[in-house]
Structure formats: C-alpha cells, structure tokens
Amino acid sequence: FDDRFLKCFRESIFGSPIDDGRLSIVWPTADVAMRMSRRLAVRAMTEDQGTAQMTGPHPDIWAKFKPQLKARFCRHEPPPDRRTLHHSKILCLYDEQDTLIGVLGGSHNCSGAAWGVSEQDASVVMSFEAGVLIFCDKDQQRRVALEAMLPWSRPVQPYQGDDVPWHGD
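Residues numbered from 1 in each chain as written. Predicted model: local features only at pLDDT ≥ 70, side-chain atom pairs only at ≥ 80, totals over all residues. Heavy atoms only, no water.

Caption draft 1: Expanded view of the overall build of the protein. Helix and strand counts for the protein stand at seven helices and seven strands. Helices and strands in the protein line up, N terminus first, as α-β-α-α-α-α-β-β-β-α-β-β-β-α. Out of the 169 residues belonging to the protein, those deemed buried represent 35%. (Helix = DSSP H or I, 4+ residues; strand = E, 2+ residues; numbered from the N terminus. Buried < 20%, exposed > 50% of the residue type's maximum accessible area, 1.4 Å probe, protein only.)

Caption draft 2: Inspection of helix α1 (residues 3-14) at higher detail. Here α1 is 12 residues long and its end C-alpha atoms lie 16 Å apart, about the 16 Å a rise of 1.5 Å per residue gives. Every buried residue of α1 is accounted for by Phe 5, Leu 6, Cys 8, Phe 9 and Arg 10. Immediately downstream of α1, the backbone of Gly 15 shows phi near 80°, a positive value. (Expected span 1.5 Å × (residues − 1).)

Caption draft 3: Expanded view of the pairing of strand β3 (residues 89-94). Looking at chain direction, β3 and strand β4 (residues 100-106) are connected through six bridges and run antiparallel. Bridge pairing in β4 places Ile 90 opposite Gly 105. Between β3 and β4, which pair antiparallel one after the other, the connecting turn spans five residues, and Asp 98 there sits at a positive phi close to 65°. (Pairing = 2+ DSSP bridges.)

Caption draft 4: Spatial organisation of the nonpolar core. Membership of the largest hydrophobic core comes to 15 residues, with the highest contact counts inside it found for Leu 6, Ile 25, Trp 27 and Phe 73. For this core, the secondary structure elements donating two or more residues are α1 and β1 (25-27). Counting residues per element, this core draws most heavily on α1, at three residues. Formed by nine residues, the second largest nonpolar core is a distinct cluster that contains Val 26, Cys 74, Val 103 and Leu 146. (Core = buried A, V, L, I, M, F, W, Y, C linked by side-chain atoms within 4.5 Å.)

Caption draft 5: Region of interest: unusual backbone geometry. Between Arg 154 and Pro 155 the backbone carries a cis peptide bond, its omega angle lying at 0°. For Asp 98, which is not a glycine, the phi torsion comes out positive at approximately 65°. Among the structural elements, Asp 98 can be located in the loop between β3 and β4.

Caption draft 6: Representation of the sheet that holds strand β7 (residues 131-135). Strands sit in the order β3-β4-β7 across an open sheet of three strands; the sheet is antiparallel. The sheet is open, and its two edges are formed by β3 and β7, each paired on a single side. Between one strand axis and the next, the sheet turns by 15° as a mean value, whatever way the strands run. In the sheet, β4 pairs with β7 via five bridges, with the strands oriented antiparallel. Note that in β7 the partner of Gly 102 across the bridge is Phe 135. In the packing of helix α7 (residues 140-149) onto the sheet, contacts are made with β3, β4 and β7, and the angle to β4 comes to roughly 45°. (Axes fitted to C-alpha atoms, helices over the stretch in contact; angles between N-to-C directions. Contact = heavy atoms within 4.5 Å.)

In structure tokens form, the structure reads like this:
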C-alpha cells in the first residue's frame, strides 16, 4: 500500500493517475476498532492481535506515508444502529454531485497484489479476489437502499492529528 499502488488504482478507477481528491479510503482508526468491536478488543490482547480480522497499513509504513497519501484516509464511523467492523472491502462510486452511482463489495485488500500494479507495459495482478458490482443507474430506490447498507456514516471525515489506521499487529 504505497504511492505506486494508489497511482495505478486511481488510473484504473478514474482513468487518470492524477490525485484530484476524489479517492477516500474509509478505514477504522485504531481507537475506533478497539471501541467498536469487542472481538477485536479481546483479540488485540492475544498473540495474533486480531490479524485474522483485518489489517491496514503497518504503523512503520504509515509513518513514512506522504501527507497527500495520508489525506486520502477517512474515519470509519459506523451508523448508530451498527456497532461492528466489516471485513469486506467496499468501493463506492460517486458522481460529480456526490450521488452514489455504484458499489463494489468483495474480498480484495488494498494492495497491488489484489488490484494490480503497472509493470512496464502491463498490469500485473498476483491475487484474484471475488467481488460484486451493483450500479444504481437512475434507480433511486436502489440507491437509497445501498446508502443505508453502507457500514460507515456519511459524509466521511478525514483522519485528524494522531489518528492512525487499525493494523492487526
């Protein structure tokens, strides 16, 4: 999970490697993960520290992230009726008016191995993951239903100050 991966990811999603601010990575901070999931809180005190649940950028790598990369991270705050963390990875697509146009849910991690990275003139994918893509098109009822199912509250808030991503170890 680095600048190279995000550049390739932006190019595959938006058609351009330019960081125009449209990408937000909604990931729980360490404090939210501990507060929201008893299972994670208990497992964090065990030997594997919850690594079977989910893992974000390692703290050593996070410390080296450039400010513009850190600025893409937003807090995962579950809606009041949900107090769990999700293991699935969800990609939401919004149009210029911030209207949801599609949701991709699956098992893909935030890594070049799962999404692919550019190697010379080809995109290399080392790990194939399963996912489901749902488009809303002009179906307002579907859009409302999808928005209600998202495991985080909107609008998302960028990480602040000492926020660090939850990482299993």
